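Architecture at a glance
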Amino acid sequence: MPLHRLLPPASMTEPERHLTPRALARASDEELMGLVRGGDLLAFERLVERFKVGVFSLCYQILRSREDAEEASQDAFVKAFRARESYDPERKVSPWLLRIASNASRDILRKRQGRVVVNTDLLISESDKLLDPEQNKAESKLESEEVHRALGDLTEQYRTPLVLKYLHGLTNQEIANTMGMSLSSLKVRLSRARELLHARLWKRWEQ
Amino acid sequence: MSPARASDCRKCDSLLVPYCDHELDSKLRDWVDEHVVNCKRCGIELSCVELESLRLREALVPMEPSLDFVNSVMDRVRDVVATEASVEPPSSVTGSDFTSRVLNQVRRDLGEPDEALGSSRRPSSWGPSRIAVALLAAAVLVAALTLPFLVNDPVEPKAAAGTWFVVRAENAGPLRVGDALRLPLRETLRGGVLEIENGNDGAGWKLGVEGDGRVTVLSADRVRLEDGEISAATTAPRAPALAIELPGGHVVTLASGRFDINVEDVADRSPMPGLDRISVRVHEGSADFRTRGSELLVPLPSGSLALLEPLRPLQIQALPSTDSLARLLETEVRGGPARSTDESKMIVVRGYVRGGQAGGVVPGAVVALHAGERVAKATSKADGSYELRLPLEDATSDEFWVSAAAPAGRMDLGDLSFRTLRDVLSAGETHFEDLRLASVQARRGRLLGLDGAAVVGARIRALRIDGFFGSARLLPGVETRSAQDGAFLLPGLPPERAGETTALLIEPASGRAAPHVEYGITSGNDASPLLVRVQTGSLAEVPVQDPATRIVWVEKRPAGIAGAYWRSIERLEVPAAGRRTVQTLLTRGSTLRWWEDAGTGRPSRGHEGDPLWASPSEVAILGAEPPRSLGRDGLVAELPSADSTKPIETVAFAPIPGLSSLGFGRDAPRPRASRARRGAPFSELELRVLDAEVGVSIEAARVYVRVADGPAWFAGFTDLDGRLVVRDLPRGVAVRAIAFAGRGVRLLGAKRVIVDEARERHRVAMTAVRAVETAVPLTAANSCASVRIFDGPFDGYEVCTRVGADGSLRLGDLPPGAVRIQVADRETVVAPDGTQVSDWQAWRPSQSEDGR
């Protein structure tokens, strides 16, 4: 088979569209995504590097399982690459990517309905806590775990906006765009999520 | 705790979370700061919320995926690339390896590094050249961090470009000409006249601050304006952009040119507290406006005026050259010229009339200020501006309304546009209201009789039906007649609002019969002609029972919701000999009642009957039962007095007195009957509007109220706590409140209560509107689908929608509650919160034929 027939479409291999690694490192997320739209795999790899922690953390907070989060975040990046043509260059990359990640996590959530998920991280932290000699640290960790557990008790629709806000630091408008809802609905949901957390957690602390 | 204090605490409570999340503008932040200092309870609450936010951030730590995460992703992505390239790999090689090899071969040919080697191929150790580069980068970084301090050092201001110097200072506090400003300013610039310049080489910006504005210079190219007005100008073609931070998180970025930016607190004139009106005037050059939370930059070209007012979207207008709105704003902000004694008693409303899609100015519009019984009128000038003046003593109501009627030549604009100015007008002050006339649509179609012949000369009017409040009104001035071939063009249909539908009232030239009502005529963008099968009326014989009866009054009401508000009355004389019947024309679906005079000359014996339609041309009246109390509550009740001998004549099709809301419709001023009578006990109704799903307050929801069967009126917006108080209500009457929230309408809530106590509190739960879509057989295409909610807070909501030409049926903006949908002779029920409609085969035969 002639070599030229094996080549990907021209847009994917345009030499002038590739940047040097240093230029890639300096490029903004949006510029990288512009290159990815042209099929630049190096640019996409750079994006994966930049967003792997954010995407994985979001998936983990939604799914509460490392294995599932790993699967969901990989799916999210692959879906993002597949959907690169639909990316709007006028918009920021992070909300777009997080939206895909959130949807990928929900897909897995639906698949695993009925399956019991054991949160290995929490088991490990419980044992760590016993070994921890410093009482203050242990208490602080305990509080964080309680928040972690209380977050896990929330349904996905309330957990996701909290994670996007307090972990990813997105603005309300960005969260609304990410979750595909109106700003006012988001505010309502955030407010309700905090109320639920308060009811489940802070009351216990106050006691 | 005093009510004012409690209200402050409630407000503070709702602001604590956005305060901790740094989402409040400086004004609200200051307010919270001040409040928590004075209120111990709120101070403690703030500490708790801060602790909550802190714990939440601590608990949500970023997590690392597995070490080979990136490689795994990239492997899968390369598979995707291979699939997309539609390459058929040989069976002995995997897609991923094969594609990678081919791609890498191509890359090698192009002189690029081999992709397959990935990061392992890249140098992992730091060679001497890298260390040199790193040292250079570190030096640059140190220089970049140090430079701003050097630049902002007041000791050597002239040496550095980009800082701000005072070039003019009159009564501007401690600032003197030549001073350099240390950035960011610790204190805001206030009072006097102050002019500062960015850089001293003529290549920067000049900023003028006058009066009591609050301006903070944040950096060489960033300024915060919290209140008052600044003028900004640069003549340098390559001056760096200057960003102005505005209250509410909005930012305007100025390119080179000349600008005036004004921030005015309109809290006292707005239904919401703590809101500002922002205007940006671009005299020369250009700017970009970014509203809070939006990533979109709205360009402001030269000669434009951007207005951002509370609860309204950003408006971009042409900057008026003559009777300048800019001057008007300045007058208002700075208190204006000295007023005469008369002026101080005058209510003055000024503004511009705009209209159409482009929002251009509309000269010649008739603008009116309604104050109770008194109305002041004016015509908009060539630049669209208007001014209305009304002496306060002339105002007989504490509610004021502005209306505008499009000029005669502007057929594309709505005839009337109303804006509420509720509780905001006061004498001696000028108030600004820009009125926007909505674009109107035209509807064309053709009228055919049941025999297929064109219906010629029929009078066609438009009826606007308010499904939420169950009222119907004729659209004033929207009228036409069908031509020789039955064709018609009905112009001037204003857009429908949420819960509204439009119907055509078609009265054949022959008159007498109740008009045909064609429901579900949208005034939207449907350009397809409408084919209407009109019933021109069938002759019916109405039985007369009392042998003494000489006169019979026949009341006919059209089918559907229009029949609840509109009717015609026909006065017929009973023939002296022959059959004891009177003859009249009826249209299918219309309802019938009649009164006999029983020899008294006045209606004294009432009946209602069911028409039996044997064929389109024959109808008989069955079961003439004496209805319950029809005599007293029917026509007799309309006589001037019980013993009046004034004859009741034939009445053409007309609204039923006391039931139809004419004129203003949903925008009506509050009707007098909705207030408690003078001296009588009255009630206050405190409504709290909540989201039914999550139980939190809804701010800025529009609330409409209706007392008994009177017209609905706009009662106001809910506050930060979702509260609204309706005052001065008569006791013991039914009050219905409906709340709308969201652009268009996304949330709806309703409450029906009878207020008996001096003050009652009720909650209004809001739910999302829903849409239902289904398909019906093509035989029902273009027919009217009757939709009725029959439980829940919207019990009685009724609309008629037209089935599409392809049999599709779409019902949007449906409130909660079980829905009965009736099409042709079948009906079905949709669950209270459902959107799924059963298959047409499962629809049951409908109970009644008239569509109600």
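In this text the structure is predicted, and so the values were computed from the model without any measurement.

On to the nonpolar core. Core analysis: the largest hydrophobic core is formed by 70 residues, its most contacted members being Phe44(A), Val55(A), Phe77(A) and Leu162(A). Excluding its chain neighbours within four sequence positions, the residues that come into contact with Leu162(A) are Leu151(A), Leu154(A), Leu167(A), Leu190(A), Ala193(A), Arg194(A), Leu197(A), Leu56(B) and Leu60(B).

Below, the discussion takes up the sheet that holds strand E21 (residues 459-466) of chain B. Strand pairing in a sheet relies on backbone hydrogen bonds, with the paired strands running either antiparallel or parallel. Residue and element names in this part refer to chain B. One open sheet accounts for four strands, arranged E22-E21-E24-E25; its pairing is antiparallel. Each end of this open sheet is capped by a strand with a single partner; those strands are strand E22 (471-481) and strand E25 (516-518). Across the sheet, the mean angle from the axis of one strand to that of its neighbour is 25°, orientation sign disregarded. Bridge analysis of strand E24 (residues 500-507) against E25 gives three bridges, and the strand direction is antiparallel. By the bridge assignment for E25, leucine 504 is matched with glutamate 518.

Here we come to the sheet that holds strand E26 (residues 530-534) of chain B. All names here are of chain B. Within the open sheet, the three strands sit side by side as E23-E20-E26. Their pairing is mixed. Edge positions in the open sheet fall to strand E23 (487-493) and E26, since each of these has one partner strand only. Averaged over all pairs of adjacent strands, the angle between their axes in this sheet comes to 35°, without regard to strand direction. Relative to E23, strand E20 (residues 441-449) is paired through five bridges, and the arrangement is antiparallel. Paired with glycine 445 across the bridge in E23 is phenylalanine 488.

Here the focus is the side chain of Ser380(B). Residues and elements named next belong to chain B. Tracing the sequence through the fold places serine 380 in the loop between strand E14 (374-379) and strand E15 (385-391). We classify serine 380 as buried; its relative accessible area is 5%. Among the polar contacts made by the side chain of serine 380, one reaches the main-chain carbonyl oxygen of valine 362 at a distance of 2.7 Å. At 2.8 Å, the side chain of serine 380 and the backbone nitrogen of alanine 365 are in polar contact. When neighbours within four sequence positions are excluded, serine 380 is seen to be in contact with Val353, Val362, Pro363, Gly364, Ala365, Ser385 and Tyr386.

The next point concerns the packing of aromatic side chains. A ring pair, where both rings are aromatic, is described by two values, the distance of the centres and the angle of the planes. Here the structure, examined in full by the defined rule, presents six aromatic pairs over all chains. Aromatic pair Phe77(A) and Phe69(B): ring centres 5.9 Å apart, planes at 70°, arrangement edge-to-face. Taken together, the residues span two chains, with Phe77(A) in helix H5 (residues 66-82) and Phe69(B) in helix H4 (residues 69-84). Neither Phe77(A) nor Phe69(B) differs from the other in exposure class; each is buried. Over the ring of Trp31(B) we find Lys11(B); its NZ or CZ atom is 4.4 Å from the centre of that ring.

Bringing the packing of helix H4 (residues 41-63) of chain A against H4(B) into the picture now. It is at 10 Å that the axes of H4(A) and H4(B) come closest, and there the two elements cross at 145°. For H4(A) against H4(B), the interelement crossing comes out right-handed. For the pair H4(A) and H4(B), the contacting residues are Leu41(A), Phe44(A), Glu45(A), Val48(A), Glu49(A) and Lys52(A) in the first and Phe69(B), Val70(B), Val73(B), Met74(B), Val77(B), Arg78(B) and Val81(B) in the second. For the contact of H4(A) with H4(B), the residue count by class is nine nonpolar, no polar and four charged.

Residues and elements named next belong to chain B. Despite not being glycine, alanine 598 shows a phi value in the positive range, around 50°. By the secondary structure assignment, alanine 598 is in the loop between strand E31 (591-596) and strand E32 (605-615). Although it is not a glycine, alanine 824 adopts a positive phi angle of roughly 50°. When you line up the elements, alanine 824 lands in the loop between strand E46 (819-823) and strand E47 (826-830). For alanine 824, a relative accessible area of 53% puts it in the exposed group.

Let us look at the packing of H4(A) against helix H9 (residues 156-166) of chain A. Helix-helix packing is characterised by the crossing angle of the two axes and by the distance between the axes. Residue and element names in this part refer to chain A. Orientation of H4 relative to H9, taken along the N-to-C sense of each, is 150°, at an axis distance of 9 Å. Classified by the interaxial angle, the pair formed by H4 and H9 is roughly antiparallel. As for the relative orientation of H4 and H9, their crossing is right-handed in sense. Of the residues in H9, those in contact with Leu58, Gln61, Ile62 and Leu63 of H4 are Glu156, Arg159, Thr160, Val163 and Leu164.

Conventions and cut-offs
Residues numbered from 1 in each chain as written. Chains lettered and ligands numbered in written order. Predicted model: local features only at pLDDT ≥ 70, side-chain atom pairs only at ≥ 80, totals over all residues. Heavy atoms only, no water. Core = buried A, V, L, I, M, F, W, Y, C linked by side-chain atoms within 4.5 Å. Buried < 20%, exposed > 50% of the residue type's maximum accessible area, 1.4 Å probe, protein only. Contact = heavy atoms within 4.5 Å. Pairing = 2+ DSSP bridges. Helix = DSSP H or I, 4+ residues; strand = E, 2+ residues; numbered from the N terminus. Axes fitted to C-alpha atoms, helices over the stretch in contact; angles between N-to-C directions. Polar contact = N/O pair within 3.5 Å; in protein donor to acceptor, adjacent residues only side chain to side chain. Phe/Tyr/Trp six-rings, centres within 6.5 Å; stacked < 30°, edge-to-face > 60°. Lys NZ or Arg CZ within 6 Å of the ring centre and 35° of its normal. Left-handed = near helix turned anticlockwise from the far one by under 90°. Nonpolar A, V, L, I, M, F, W, Y, C, P; charged D, E, K, R; others polar. Parallel < 35°, antiparallel > 145°, perpendicular 65-115°, else oblique.

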